[in-house]
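Residue-level structure breakdown
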Amino acid sequence: MAISNSNSQSVDINRIHDMALVDLFTENIGRRAFVLTPSYPFMFIGEIVDVMEDMVELCVETTHFSQLENRNWFLHIHNIEVFYIETPDGPCIPELRDDL
């Protein structure tokens, strides 16, 4: 979606949105994140390992099926519907493991 500002310059809102997400995930490499996506496996909890263009590499601790855990997943920024990144001054993402 592009809109025009008062100087008649085209601003691509989706591009600005995507770049803001890329910047946010890049600034938080090494922190834990909770991510929901619209497609299988839907939920990921893990550490942000890297950001490459518009892909987030996440070392997944927890997801819907234990067989998919303890490995790195690459998530496309466009597929992230909801997310939360742990920060020192915010609440922690709980441990969601069967063996606790």
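What you see is a predicted model, and the numbers here were worked out from it, not measured in a lab.

The next thing to look at is the overall build of the protein. For the protein, the helix and strand inventory stands at one helix and seven strands. Traced from its N-terminal end to its C-terminal end, the protein shows the element sequence β-β-α-β-β-β-β-β. Sorting the 100 residues of the protein into buried and exposed places 30% on the buried side. Within the protein, residue pairs in contact and separated by at least 24 positions form 38% of the contacts whose partners lie at least 6 positions apart. Accessible surface for the protein amounts to roughly 6,600 Å². Of this, 54% is attributable to carbon and sulfur atoms.

Looking now at helix α1 (residues 13-27). Compared with an ideal rise of 1.5 Å per residue, which puts 15 residues at 21 Å, α1 spans 21 Å between its outermost C-alpha atoms and is within 8% of the ideal. Among all positions of α1, only Asp-18, Leu-21, Val-22 and Phe-25 are buried. Along the long axis of α1, the arc covered by the buried residues comes to 100 degrees, so they all point the same way. Next to the buried residues of α1 lie β4 (43-52), β5 (55-62) and β7 (82-85).

Right, let's get into the nonpolar core. Among the nonpolar cores identified, the biggest contains 15 residues, and Phe-25, Val-35, Ile-48, Leu-58 and Ile-77 are the most heavily contacted of them. Listing elements by their share of this core, those giving two or more residues are α1, β3 (32-36), β4 and β5.

This part is about the sheet that holds β3. In spatial order, the strands read β6-β5-β4-β3-β7; together these five strands make up an open sheet with antiparallel pairing. Looking at the sheet topology across the chains shown, the edges are occupied by β6 (71-76) and β7. Strand-to-strand twist across the sheet, computed as the mean angle between neighbouring axes with direction ignored, equals 40 degrees. With four bridges joining them, β3 and β7 adopt antiparallel strand pairing. Across the sheet, Val-35 pairs through a bridge with Phe-83, a residue of β7.

Moving on, we come to the pattern of salt bridges. Taken as a whole, this structure holds three salt bridges when the rule is applied. For Arg-32, the salt bridge is made with Glu-61, and the minimal N-O distance between the two is 2.9 Å. Within this pair, whereas Arg-32 is found in strand β3, its partner Glu-61 is found in strand β5, the two being separated by 29 residues in sequence. Across the pair Arg-32 and Glu-86 runs a salt bridge whose closest N-O atoms are separated by 3.0 Å. With Arg-32 in strand β3 and Glu-86 in the segment after β7, this residue pair connects regions lying 54 residues apart in the sequence. The exposure class assigned to Arg-32 is buried, which follows from its relative accessible area of 14%. Here the salt bridges share partners, and the residues they tie into one network are Arg-32, Glu-61, Glu-86 and Glu-95.

This part is about the side chain of Thr-37. Tracing the backbone shows Thr-37 in the loop between β3 and β4. Among the polar contacts listed, one links the side chain of Thr-37 to the backbone oxygen of Ser-39, at a separation of 2.8 Å. Those residues in contact with Thr-37 that lie beyond four places of it in its chain are Phe-42, Phe-44, Asn-79 and Glu-81.

About the cut-offs
- Residues numbered from 1 in each chain as written.
- Predicted model: local features only at pLDDT ≥ 70, side-chain atom pairs only at ≥ 80, totals over all residues.
- Heavy atoms only, no water.
- Helix = DSSP H or I, 4+ residues; strand = E, 2+ residues; numbered from the N terminus.
- Buried < 20%, exposed > 50% of the residue type's maximum accessible area, 1.4 Å probe, protein only.
- Contact = heavy atoms within 4.5 Å.
- Areas by Shrake-Rupley, 256 points an atom, 1.4 Å probe, with all protein chains shown as cover.
- Expected span 1.5 Å × (residues − 1).
- Arc of directions from axis to C-beta.
- Core = buried A, V, L, I, M, F, W, Y, C linked by side-chain atoms within 4.5 Å.
- Pairing = 2+ DSSP bridges.
- Axes fitted to C-alpha atoms, helices over the stretch in contact; angles between N-to-C directions.
- Salt bridge = Lys/Arg side-chain N within 4 Å of Asp/Glu carboxyl O.
- Polar contact = N/O pair within 3.5 Å; in protein donor to acceptor, adjacent residues only side chain to side chain.

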